[in-house]
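# Structure at a glance
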Amino acid sequence: QVQLVESGGGLVQAGGSLRLSCAASGRTFSSAPMGWFRQAPGKEREFVASINWNGSRKYYADSVNGRFTISRDNAKNTLYLQMNSLKPEDTAVYYCTAGGTYSDPRLFRGDYWGQGTQVTVSS
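So, here's what we can say about the structure. Computed from a predicted model, the values in this text were never measured in an experiment.

### With respect to the overall build of the chain
- Tallying secondary structure elements over the chain gives zero helices and 11 strands in all.
- The order of α-helices and β-strands along the chain, N terminus first, is β-β-β-β-β-β-β-β-β-β-β.
- Computed over C-alpha atoms, the radius of gyration of the chain comes to 13 Å, within 12% of the 14 Å expected from 2.2 N^0.38 for 123 residues, which places it in the range of a compact globule.
- Principal-axis analysis of the C-alpha atoms gives the chain an extent of 40 × 25 × 25 Å.
- Put simply, the chain has 123 residues, and 44% of those count as buried.

### Notes on the state of the cysteines
- What the rule picks out here adds up to one disulfide.
- With a sulfur-sulfur separation of 2.0 Å, cysteine 22 is cross-linked through a disulfide to cysteine 96. Between cysteine 22 and cysteine 96, the S-S dihedral sits near -70 degrees, and the bridge is therefore left-handed. Here the residue cysteine 22 occupies a position in strand S3 (residues 18-25), and cysteine 96 occupies one in strand S9 (residues 92-98), the gap between them amounting to 74 residues. By the burial criterion, cysteine 22 is buried, and cysteine 96 matches it.

### Quick word on the pairing of strand S8 (residues 78-83)
- Buried residues dominate S8, accounting for five of its six residues.
- The pairing of S3 with S8 spans six bridges and is classified as antiparallel. Bridging from a neighbouring strand, serine 21 pairs with tyrosine 80 of S8.
- Inspection of the sheet shows strand S7 (residues 68-73) paired to S8 by six bridges, in the antiparallel sense. Paired with serine 71 across the two strands is tyrosine 80, which belongs to S8.
- Adjacent in sequence and paired antiparallel, S7 and S8 are bridged by four residues, among which asparagine 77 carries a positive phi angle near 55 degrees.

The rules behind these values
- Residues numbered from 1 in each chain as written.
- Predicted model: local features only at pLDDT ≥ 70, side-chain atom pairs only at ≥ 80, totals over all residues.
- Heavy atoms only, no water.
- Helix = DSSP H or I, 4+ residues; strand = E, 2+ residues; numbered from the N terminus.
- Rg over C-alpha atoms; globule rule 2.2 N^0.38 Å.
- Buried < 20%, exposed > 50% of the residue type's maximum accessible area, 1.4 Å probe, protein only.
- Disulfide = S-S within 2.5 Å.
- Pairing = 2+ DSSP bridges.

What follows is the structure, given as C-alpha cells:
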C-alpha cells in the first residue's frame, strides 16, 4: 500500500521559516516526479512546486518563487519543501503528491497524495 506522509507543519510568525517533509512508503518514487500543493480555507487546491525524478528540473508557483525550495532525497524516498519568508497568505494545508508524468511541470499532478499538514502563518 502506497503512503505519502507529510510532516513539519505548524504555527509560525510572518517572516519565519518551516521545512516540510513527505516520506513515501509502499513503493519507491526515485524515478518519478513529486510535488507540493496547498489548499487554504474556502479555496481550491493550488500548485506550489514540482521536481523531476533526479532534481534537475524544478518549477514553482509565482507566489512562492524565490521563497520556497523543493528538494528530494531518493535514498530516503523523501520529498522536502523549505519555506522561508513566510506570509499570512501562505496559510494552508500542504499536500505532497508523487508519480505520474512530468511533460509539463506547470501542469504536474501526481497519482498519489498525502493527507496534508497544516501550516499557519500569523501576522
